[in-house]
Amino acid sequence: MAVTWHTLRRYFTGIDIAAMRELGHPLDDYQYVVQNANALLKRLADGSMPPPPFKRWPQNRIDDFQEWIDAGFPYMPKEKDIAHRVTRFIGLSEYLTGFDNLREDPQLATKFLDRLTARVEEKLGIAAVSGELKTLLDNWDDGEPKDVALNFLRHEKAPIYYWIIKALLHVWYTGSFLNDFGFPEGDNGNPDDNQWTDGLMWRAGLAHPTGYSTEASYGEKIGEQTRHYDYWERSPDKYGKHTGLGDTARLFETKQV
Amino acid sequence: MGSDDKTNISRRGFHRLAASAAASAASASVVAAAENPVDHRRSQAQRDAPYDVVIVGAGCAGALTAAVLARTGFRVCVLEAGKSVRHPADHVGTFYADNEKIPESPWPADKRADRPRVLDMAFNFNVSENGELTSDWLRKKHYLIQHGHKVENKSDESYLPFNSTYERIGGGTLNHWLGTCLRFTPNDFNLKSAYAANAPTASEFFKNAADWPIGYNDLEQWYCKAEDEVGVAGDSEGYKNYLGASRSQPYPMPPIPLSYLDKQFKDKIGKKKIIDRQLNVIATPQARNSVDRDGRPKCQGNSSCVPICPIQAKYDATVHLNQAKAAGAVIQFQSVAYRVEVDEKDNNRISRILYKRWADGEPVKEKEEVTAKFYILASNAMETAKLLLISPWKKSENTASNYTCVANSSGQVGKNLMDHIVYLAWGVAAEPVYPYRGPLSTAGIGDFRDGPNGIIDEDRKMRAAYRIHIANDSWNWPVPPTQNLANVVNKLIDERIVNLLDDSVATDKILPEDKTKILEKLNITQRDRLLTKSMMHQGGEYDSNVTEPFGKRLKSYLHDSMIRHVRVGAELEALPLEDSKVMVSDQVRLDGSFADVPSIEKDALGIPKPQVQYRISEYTKKGFAEAAETLDSILRMMGVQTVHAKSAPSESEIAAQPDGPPPRYLPSINSVSPAVFTYGSKKYEYSGAGHIMGTYRMGSNPEESVCDQDCRSWDHENLYLLGSGVFPSSGTANPTLTIMALALRAADKISTELKP
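In this convention, every chain numbers its residues from 1, walking through the sequence in written order. Ligands are numbered from 1 and chains lettered from A, in the order in which they are written. In keeping with the predicted nature of the model, local features appear solely for residues at pLDDT of at least 70, side-chain atom pairs appear and are counted solely at 80 or more, and the whole-chain, interface and lining totals rest on all residues. Side-chain numbers come from the whole structure's heavy atoms, not from hydrogens or water.

**Quick word on helix H2 (residues 14–22) of chain A**
All names here are of chain A. Think of it in three bands: with a 1.4 Å probe and only protein chains considered, a residue is buried below 20% of the maximum accessible area for its type, exposed above 50%, and partly exposed in between. To qualify as a helix, a DSSP run of H or I must reach at least 4 residues; to qualify as a strand, a run of E must reach at least 2; elements of each kind are numbered from the N terminus. Among the 9 residues that make up H2, 8 are buried, leaving the element largely enclosed by the rest of the structure. Along H2, the residues that are buried comprise Gly14, Ile15, Asp16, Ile17, Ala18, Ala19, Met20 and Arg21. Just past H2, the residue Gly24 takes up positive phi, approximately 85 degrees.

**A short note on the sheet that holds strand E3 (residues 145–146) of chain B**
All names here are of chain B. Sheet architecture is open: 3 strands sit in the order E3-E19-E18, paired in mixed fashion. The open sheet is flanked by E3 and strand E18 (581–583), the only strands paired with a single partner. A strand pair is defined by DSSP finding two or more bridges across the two strands. Where E3 lies against strand E19 (residues 611–613), 2 bridges are found, and the strand directions are parallel. The residue bridging Ile145 from the neighbouring strand is Gln611, located in E19.

**Notes on the environment of B:Lys268**
Residue and element names in this part refer to chain B. Tracing the backbone through its elements, the reader meets Lys268 in helix H11 (residues 260–269). For Lys268, a relative accessible area of 25% puts it in the partly exposed group. In this structure, the C-alpha to C-alpha distance between Lys268 and Met562, residues 294 residues apart in sequence, is 19 Å. In this analysis, two residues are considered to be in contact whenever any of their non-hydrogen atoms come within 4.5 Å of each other. When neighbours within four sequence positions are excluded, Lys268 is seen to be in contact with Glu431, Met637 and Met638.

**Points about the interface of chain B and chain A**
Size of an interface: often given as the accessible area lost when the parts come together. Across the boundary between the two partners, chain B contributes 81 residues, which contact 90 residues of chain A. Between chain B and chain A, the buried area comes to about 7200 Å², and carbon and sulfur atoms account for 66% of it. Criterion for a salt bridge: a side-chain nitrogen of Lys or Arg within 4 Å of a carboxyl oxygen of Asp or Glu. Taken together, the connections running from chain B to chain A amount to 4 salt bridges. Residue B:Lys509 pairs with A:Asp147 through a salt bridge whose shortest N-O separation is 3.1 Å. A 3.5 Å cut-off defines polar contacts: any pair of N or O atoms within that distance qualifies, except that in protein one atom must be a possible hydrogen donor and the other a possible acceptor, and neighbouring residues in sequence count only when both atoms are side-chain atoms. Run the count over chain B and chain A and you get 29 residue pairs in polar contact (both at pLDDT 80 or more). Secondary structure elements with two or more residues in the side of chain B that touches chain A: helix H1 (4–7), helix H2 (9–13), helix H3 (15–29), helix H6 (92–97), H11, helix H14 (481–506), helix H15 (512–521) and helix H17 (550–562) of chain B. Tallying contributions element by element places H14(B) first for the side of chain B that touches chain A, with 15 residues. Throughout, the ten residues Ala, Val, Leu, Ile, Met, Phe, Trp, Tyr, Cys and Pro are labelled nonpolar, Asp, Glu, Lys and Arg are labelled charged, and all others, Gly among them, are labelled polar. Partitioned by chemical class, the residues of the side of chain B that touches chain A number 40 nonpolar, 24 polar and 17 charged. Accessible area that two parts lose when put together, with a 1.4 Å probe and added across both, is what the buried area reports.

**Some points on the packing of helix H5 (residues 60–72) of chain B against helix H12 (residues 318–326) of chain B**
Residues and elements named next belong to chain B. Direction vectors running N to C along H5 and H12 enclose 25 degrees, while the axes themselves pass 8 Å from each other. Classified by the interaxial angle, the pair formed by H5 and H12 is roughly parallel. In this structure, H5 crosses over H12, and the sense of that crossing is left-handed. For the pair H5 and H12, the contacting residues are Ala63, Leu64, Ala66, Ala67, Ala70 and Arg71 in the first and His320, Leu321, Gln323 and Ala324 in the second. Here the residues of the contact of H5 with H12 sort into 7 nonpolar, 2 polar and 1 charged. Simply put, an axis is a line fit to the C-alpha atoms, just over the touching stretch for a helix, and the angle between two N-to-C directions goes from 0 to 180 degrees. In these notes the angle categories are as follows: under 35 degrees is roughly parallel, over 145 is roughly antiparallel, 65 to 115 is roughly perpendicular, and the rest is oblique. Less than a right angle of anticlockwise turn of the near helix away from the far helix marks a crossing as left-handed, whereas a clockwise turn marks it as right-handed.

**Here we look at the environment of B:Tyr403**
All names here are of chain B. Along the polypeptide, Tyr403 turns up in strand E13 (residues 403–405). Not counting residues up to four positions away in its chain, the partners in contact with Tyr403 are Leu389, Ile390, Pro392, Lys394, Lys395, Ser396, Val588, Arg589 and Leu590. Within polar-contact distance, the side chain of Tyr403 engages the backbone oxygen of Leu389 at 2.7 Å.

**As for the pairing of strand E4 (residues 225–230) of chain A**
Residues and elements named next belong to chain A. Taken together, the 6 bridges between strand E3 (residues 217–222) and E4 define a ladder with antiparallel strand orientation. Residue pairing across strands places Lys221 opposite Thr226, the latter belonging to E4. Hairpin connection of E3 to E4: 2 residues between the antiparallel strands, including Gly223 at a positive phi of 65 degrees.

**Topic: unusual backbone geometry**
All names here are of chain B. Residue Pro307 is bonded to the preceding Val306 through a cis peptide linkage, with omega at 15 degrees. Residue placement: Pro307 occurs in the loop between strand E6 (281–283) and H12. Here Asp294, not a glycine, exhibits a phi torsion of approximately 50 degrees, which is positive. In this structure, Asp294 sits in the loop between E6 and H12.

**Brief notes about the side chain of B:Arg463**
All names here are of chain B. With respect to the element layout, Arg463 can be found in the loop between strand E15 (443–445) and strand E16 (466–471). Exposure remark for Arg463: the relative accessible area of 2% places this residue in the buried category. Reaching out from Arg463, the side chain makes a polar contact with the side chain of Glu626 at a distance of 2.9 Å. Non-local contacts of Arg463, meaning those with residues more than four positions away in its chain, are made with Arg277, Phe448, Asp457, Tyr619, Lys622, Gly623 and Glu626.

Structure, rendered in structure tokens:
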């Protein structure tokens, strides 16, 4: 899949974003990064950003950045480039999770679908991948929701559908799967993918993932004075402010523009 | 394209991030290499030693002492058992990827410098590979051998699991500490004379209690220095004479601001009373930058202080380790000390330390040695005690091992093992508190620690004191979010399935027996449904007949629940008990050899493993029971309907109230912890604070203590023992700041002696 904004935004760490946000340079803001793309690329390439002790970007990431600029700053993949199964998976996921903006990031959906597929194969066997998982993706919206759900429940393979739906929700909400005893199992995906920070639970809770805050202080003008405060002193809003993620984060509610 | 101003991004923004690396360089530049001092009172061996000081352990005491002594110009060598640790930014990816999110998650582990893990204590404790409990299996699997009742399958609770862990890496356990920097109260130093001596009926509690050989005023200036060295952010006004503890200096930084959640607590419970005691919510002093300081940035509220602050706004001991290195100290990682040797002809001075050095892809160097004028053992209270216990000094007929170990003429080494056990309580508040934002804890309640202004607290004669903390990280400690959320998701799916089936029966789409069959097939039991119902009650108004689509219902429920999650905890004072102790095999020979003794259980390097026999005093248990009631009251004030506890309700309790009000207590999910004791008619589950204390206590009498008021061994004049192992009593504060104050005091003493 081509490099898009959602590829790049994961390359900036929470540390990078938080430090720069305070100075008015929001690296998690698509518009800002588009407007400053060449300057950012230059600094990343010459190693002056991020400075020691933080690691330089590896060359493949710098190449990705260049490719993104050359491609005209795509926000997300074109529809024709998204696999049909991913599109179906996104639809089912939006229905089950209650978040209607998962379609903005098909790359994350692809990763979660790949992990879910591997998990189904590991726990239920390869036949369940081409069988129940595929049936679920193909048919989840084939009729009135209640009737569809009842059909799945009455099916002799109901426990498998039940298992898959739970696993799907677990990976979207928490970035991980549970074992048979109710404990998280395996890992949260590749550390470079940073899937821990993508869990929907953080958005549901109006919070930032632990270890991943991207905002710190705010300055508030009171008359001639500026009063500074830390974001955790105030209550957060549904659009990201004071969540620790800033108001350019992917949101609990889709902001109406 | 942006303007120059906009595009000149990295200069200012990353300047302060990069500064942590610069900090060590800065400190190096101010150090002038001093001429090696010569002490003519020392023996030839001492004078010829290549180092002035050898320090075992690169944790909070070792790193700070190394930095101070190296900055003064002394030749310092630090032996650290484990690997070096880089800037936390390099380790945070490991934290993200690790599902367990336990204190040990981000840090480099290696069997050659093994350590206990939180999960050893919790999940694996009583389950062997074949599902049975066998102490043999546990002894092989775990580094720390426990003799608690669950391990040995004893029915009595004489000995309990020790529920705290530690790190063996550069910077030690401070890599995953919270950062709380409370001072002890003046009465904490006088437990015996202030409380034990006047206790009306509880003298049995205090049988082994001791006063410290120093008082608060002796340590006050060193507290100030320690606060400056680590950088403590605190409320100087609020802590002015707090619980009788005077301050000669303000905190170096203003306090970390209270969280929105703290303010809700302050509004709801501030100035109220529990057990006739006024509650005051006060900002917690902490080693966390509230402003950019010493080359480290201000806190960004990552809410992951335990186990990692990604930006190093939280102090950790690598700060001083880097300073020590920059000042010329030799920091030798992957070097595991296994014997301290004594020269009896040289007035029983320590003559050398033997260690094993390991490296990936290379054979272990089995017998390395290092010599110095002074030796400092600065590992934690577990590892230092172990090292002493496997280091024979002289023959003895009175011990099982037939020898007296180094520094142990008092017989106290290894004994009096203490921890501040923790009671956790959590629930769903009536109003939103918005957790998971800001540092893990920014405020607490200290009113149960001691009497106001230092007056004697009559209650403390009868039960342990305790401090309450307010958590900003939701239920993360008892129930990690992945586990919590995934299980909530499961319950909501079950709820929706049951509703759908009820609806289908009502509209004649299926027969009632079809519903029963489907639920059986999915293994959704009546018990599950009742627990789900109870759980849903705490999420606000419960309407099981909701009609909104499943996903919207799930999202709104999780939102409504998560933003109201609260947790509080209480850390309990401990009492020293002689048979609560660190031990090693008694098969180590008088000459210190153990390699060819098969009955000794050894780690990957062939060094005897530490063993623990742990007890909790009745005094602490009594305090724990009161703390449980207090936290229950506090949560009620916050509007929590159902307090979570770790013991599951019985089937009969659940069956008794299918349609009644929600139960007051709910089980945590899948709790299998063996860390449970009985007090009165109730069972209580406790957590560990990671505060390992007491195993080489200081005192004013060599017959009853291991070291003197300066942390110097009574038996060996060139041996110092640092860390919370020297604490004669646990006090009511987390130990780190006191460890550091004592370390600075000892370093000053050593400096004086080393100067020509």
